[in-house]
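# Breakdown of the fold
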Amino acid sequence: MTTDIPAVETQGLVKKFGDTAAVDGVDLSISQGGIYGVLGPNGAGKTTVMRMLATLLRPDAGEAKVLGHDVYTEPQAIREKIALTGQFASLDEDLTGIENMILLGRLLGYKHRIARKRGMDLLEAFGLTKAANRPVKKYSGGMRRRLDIAGSLIVTPQLMFLDEPTTGIDPRSRNQVWDIIRTLVDGGTTILLTTQYLEEADQLADRIAVIDHGTVVAEGTPGQLKAEVGSGALRVRLHDVSARDQAVELLRREGTPVTPEADPAALTVQVQHSADVTHTLESLAHASIEVASFSYGQPSLDEVFLTLTGTASTPHSDSAPEVGAP
Amino acid sequence: MTNSQSTTQSSTPATPVASGEPERIRKVLVPQQDRPAPASALTACVAYGWRALLKIKHLPEQLIDVTIFPVMMTLMFTFIFGGAIGGSVDNYVQFLIPGIFVQTLIMITMYTGLTLNRDFSKGVFDRFRSLPVWRPAQLVGALLGDQIRYLLAGTIILTVGFFLGFRPEGGLTGVLAAFALLLVFSFSLSWVWTAVSLAVRTEQAAMGVSMFVMMPLVFASNIFVDPSTMPTWLQRAVEVNPVSIVVTTIREMMAGTYSLSSLGLVALCCGVLIVIFGPVSMFMYNRKS
Ligand SMILES: Nc1ncnc2c1ncn2[C@@H]1O[C@H](COP(=O)(O)OP(=O)(O)OP(=O)(O)O)[C@@H](O)[C@H]1O
Ligand SMILES: [Mg+2]
């Protein structure tokens with residue numbers, strides 16, 4: 001296998017729906033192996049990017065190569081190497097679980113009998129044997145997701161697209177889906193995953209692209225993204241509530257950025273290096289201000305998002321109406 | 001054997017997953033190089049046709065359209081208009097049954113388009129289009145699967161007709177030959193609705209456009225009445241209406257006469273429909289997002 005060919009390479013990818021540019025010049029470079037996360041709020045353009053890469057939608061402008069093949073000229077070659085699990089269950093709701101698997105198996109080139117065998121094996125591995133003969137419309141959200149992923153594994157894809165694989169399912173199912181995704185990576189499949197959940201990207205992805213309003217606003221490893229936002233935060237809780245004003249004043253005088261918290265005994269200090277942590281604690285000790293507890297951590301991806309896009313990671317309250325289903 | 005029914009009815013959710021799940025999944029993955037060559041165009045059409053048959057099996061209620069409706073039409077036209085149009089019910093049945101046979105089947109072809117339109121708005125459409133198979137197979141397969149519906153509806157009409165006294169001179173051979181020809185025409189015509197369903201957004205719009213096209217074709221034809229009683233300008237229209245051409249040929253075949261010119265005309269109609277609407281549908285299908 002040639003792993004030096006990038007899984008995805010795009011330059012200035014654009015897709016317009018009417019006047020609105022759903023994707024407005026996206027550059028991505030994703031190497032093979034591992035999990036790549038595309039993080040963004042509702043309407044950011046995640047699904048649209050994915051559908052262009054999966055050869056379902058023709059870009060209006062820009063270049064895109066998937067596993068070395070051009071999306072405009074070699075869509076068939078791309079389709080032979082990818083699998084897509086869409087945002088809305090990419091299954092036939094009227095058919096049973098096993099019928100869905102057989103249908104996909106036959107389309108992927110297995111004979112009926114082997115397709116059934118493959119289907120049953122996969123259903124068993126995904127804990128869906130009991131539901132095999134039930135129509136998919138009677139499945140729970142979690143079961144649907146699992147079947148959907150199973151359908152992408154009838155043959156092992158080189159690149160798998162997962163569009164919001166855990167949206168709308170409970171935390172336990174979500175953890176199961178995460179485990180499944182990690183397993184696939186071990187098997188040599190590259191995963192491109194979109195998500196609205198910062199925690200999900202942080203937990204799973206090796207690299208993350210943050211997109212907003214159709215453009216990439218930041219790219220890197222979760223660690224790099226956090227570093228880009230700058231500092232970590234030292235949270236200090238004082239023993240004596242009345243000492244807080246004194247502590248804040250002392251630290252400000254030293255030029256340390258500090259903000260009092262809602263908790264009357266607590267304050268947060270923005271630090272650049274871990275040395276600042278010891279320095280702050282020493283200053284407080286010198287002034288005989290007793291510290292009850294403290295914690296130091298990198299900023300959460302929520303904070304990263306806030307800094308990068310200037311908005312919290314909540315759905316956009318766009319004035320533009322959402323048109324049609326994708 | 002006593003509790004065997006309860007196992008299929010069980011509504012318990014999927015088995016809780018032990019920690020061994022990743023291991024189990026790893027075991028069922030096939031190495032990337034072991035994947036078979038994707039299905040050929042023909043195999044893909046057959047697979048999608050199988051899907052259409054499964055839909056009929058799982059949703060038998062959609063067959064109401066193709067069973068009740070034809071029976072109603074036949075009975076209504078025979079007894080309401082029979083005396084007035086054909087002189088007597090018995091005479092009129094001989095004239096009407098081949099016509100209503102054609103009408104019913106071509107009306108049902110509209111449902112093919114509606115079903116596809118519903119399909120396109122579902123998530124599974126994206127999945128199908130991401131597969132490395134000949135894309136229009138989804139369309140062709142659906143049309144092939146629908147032949148079963150046509151077959152069923154046609155059989156019902158002819159059976160009802162038989163009980164009403166329809167005795168074609170061409171016998172069973174003539175009827176079967178006519179049936180085969182009508183299936184070919186229905187298949188050809190369904191490409192029109194496929195194109196319509198791809199061109200419009202909603203199912204209602206597809207229904208509206210289809211009806212708008214279908215109604216004049218059905219009524220400005222020789223299905224219900226002999227056009228010799230119509231004004232001349234209308235007679236001209238009826239003569240060139242492809243539905244009339246098909247009805248005439250079907251009547252001839254059921255009566256045991258096979259005219260090469262009629263058959264040729266029908267073949268021409270089928271050819272034109274497929275040559276125009278087939279590629280148009282496939283082009284729109286590929287561009288559909
Ligand atoms: N087929 C379409 N026709 C018209 N507009 C569309 C279509 N698909 C997407 N859009 C618009 O493009 C923008 C981006 O949509 P997209 O589905 O890519 O966002 P997303 O990041 O996947 O959002 P979500 O998290 O809600 O799934 C939205 O404003 C959406 O309304
Ligand atoms: Mg989306």
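## Re the pairing of strand β3 (residues 35–39) of chain A
Residue and element names in this part refer to chain A. Buried residues dominate β3, accounting for five of its five residues. Side chains I35, G37 and L39 project from β3 onto one buried face, and the interleaved Y36 and V38 project onto a second face that is buried too. Looking at chain direction, β3 and strand β8 (residues 190–195) are connected through five bridges and run parallel. Residue pairing in the sheet places V38 in a bridge with T194 of β8. As judged from the four bridges shared by β3 and strand β9 (residues 207–212), these two strands associate in the parallel manner. Bridging across to β9, Y36 finds its partner in R207.

## Describing the interface of chain B and chain A
With 47 residues of chain B at the interface, the matching set in chain A holds 63 residues. When chain B packs against chain A, the two sides together hide about 4900 Å² of surface, and 57% of this comes from carbon and sulfur. In this structure, the connection of chain B to chain A is made through seven salt bridges. One salt bridge in this structure joins B:D126 and A:R51, with 2.9 Å as the shortest N-O distance. Remark: the boundary between chain B and chain A carries 17 residue pairs in polar contact (both at pLDDT 80 or more).

## Points about the packing of aromatic side chains
Summed over the entire model, instances satisfying the criterion amount to 10 aromatic pairs over all chains. Centroid distance B:F120 to B:F125: 5.0 Å. Interplanar angle 55°. Geometry classified as tilted. A single burial state applies to B:F120 and to B:F125, both of which are buried. Here the aromatic cluster, defined as three or more aromatic residues joined through ring pairs, consists of B:F77, B:F219 and B:F224. Its guanidinium or amino end placed over the ring of B:W50, A:R106 lies 5.5 Å from that ring's centre, counting from NZ or CZ. The residue whose ring lies beneath B:R167 is B:F162, and the NZ or CZ to ring-centre distance is 3.9 Å.

## Points about helix α5 (residues 89–120) of chain B
Residues and elements named next belong to chain B. Under the 1.5 Å per step criterion, the end-to-end length of α5 is 45 Å for 32 residues, consistent within 8% with the ideal 46 Å. In α5, a bend of some 40° at L96 exceeds every other bend along the element, and P98, a proline, comes one to four places later. In terms of burial, α5 is largely enclosed, as 24 of its 32 residues are buried.

## A look at the coordination of the magnesium ion (ligand 2)
All names here are of chain A. Looking at the metal site, the magnesium ion (ligand 2) is ligated by T47 (OG1) and Q87 (OE1), spaced 1.8 to 2.1 Å from it. Highlighted residues: T47 in helix α1 (residues 46–53) and Q87 in the loop between β6 (82–85) and α3 (97–107), separated in sequence by 40 residues. For T47, a relative accessible area of 16% translates into the label buried. Residue classification places Q87 among the partly exposed positions, given a relative accessible area of 24%.

## As for the nonpolar core
Generally speaking, a soluble globular protein has its nonpolar side chains buried in company with each other. Ranked by internal contacts, the top residues of the largest apolar core, which has 75 residues, are A:L107 and A:F126. With residues up to four places along the chain from it excluded, the contact list for A:L107 reads B:P38, B:A39, B:A44, B:A47, B:Y48, B:F128, B:L131 and B:V133. Membership of the second largest hydrophobic core comes to 50 residues, among which are B:V93, B:I106, B:A153 and B:L182.

## Things to note about the site of ligand 1
Residue and element names in this part refer to chain A. Within the structure, ligand 1 sits among 16 residues, and N42, K46, T47, T48 and Q87 are positioned closest to it. A44 is positioned with one of its backbone polar atoms (N or O) 3.2 Å from an oxygen atom of ligand 1. Relative to its unbound accessible area of 630 Å², ligand 1 is 81% covered by the protein chains. Class assignment of the residues belonging to the shell around ligand 1 gives a composition of six nonpolar, seven polar and three charged.

## A short note on the pattern of salt bridges
For the structure shown, the criterion picks out 22 salt bridges over all chains. When the shortest N-O distance is used, the salt bridge between B:K57 and A:E99 registers 3.8 Å. One end of the pair, B:K57, is in helix α3 (residues 41–58); the other, A:E99, is in helix α3, on a second chain. What makes B:K57 exposed here is its relative accessible area of 55%. By relative accessible area, which is 8% here, A:E99 ends up buried.

## Concerning the confidence of the model for chain B
Residue and element names in this part refer to chain B. This prediction gives chain B a mean pLDDT of 84; 91% of its residues lie at or above 70. Within the model, pLDDT remains below 50 along residues 1–18, and this stretch shows 14 contacts once partners closer than five positions in the same chain are excluded. Taken together, the chains of this predicted complex give a pTM of 0.80 and an interface ipTM of 0.80.

## What about the pairing of strand β4 (residues 61–66) of chain A?
Residue and element names in this part refer to chain A. With five bridges connecting them, strand β1 (residues 8–17) and β4 associate as antiparallel partners. Bridge pairing links T10 to A64 in β4. Across two bridges, the pairing between β4 and strand β5 (residues 69–70) is antiparallel. Pairing of K65 across the sheet is with D70, part of β5. Counting the residues that bridge the hairpin from β4 to β5 gives two residues, and of these L67 lies at a positive phi of roughly 50°.

How each quantity is defined
Residues numbered from 1 in each chain as written. Chains lettered and ligands numbered in written order. Predicted model: local features only at pLDDT ≥ 70, side-chain atom pairs only at ≥ 80, totals over all residues. Heavy atoms only, no water. Buried < 20%, exposed > 50% of the residue type's maximum accessible area, 1.4 Å probe, protein only. Helix = DSSP H or I, 4+ residues; strand = E, 2+ residues; numbered from the N terminus. Pairing = 2+ DSSP bridges. Contact = heavy atoms within 4.5 Å. Buried area = accessible area lost by both parts, 1.4 Å probe. Salt bridge = Lys/Arg side-chain N within 4 Å of Asp/Glu carboxyl O. Polar contact = N/O pair within 3.5 Å; in protein donor to acceptor, adjacent residues only side chain to side chain. Phe/Tyr/Trp six-rings, centres within 6.5 Å; stacked < 30°, edge-to-face > 60°. Lys NZ or Arg CZ within 6 Å of the ring centre and 35° of its normal. Expected span 1.5 Å × (residues − 1). Bend = angle between axes of the 7 residues up to and from the residue. Donors = N, O, S within 2.8 Å, 3.2 Å for Na, K, Ca; no water. Core = buried A, V, L, I, M, F, W, Y, C linked by side-chain atoms within 4.5 Å. Near = heavy atom within 4 Å. Areas by Shrake-Rupley, 256 points an atom, 1.4 Å probe, with all protein chains shown as cover. Nonpolar A, V, L, I, M, F, W, Y, C, P; charged D, E, K, R; others polar. pLDDT = per-residue confidence, 0-100.

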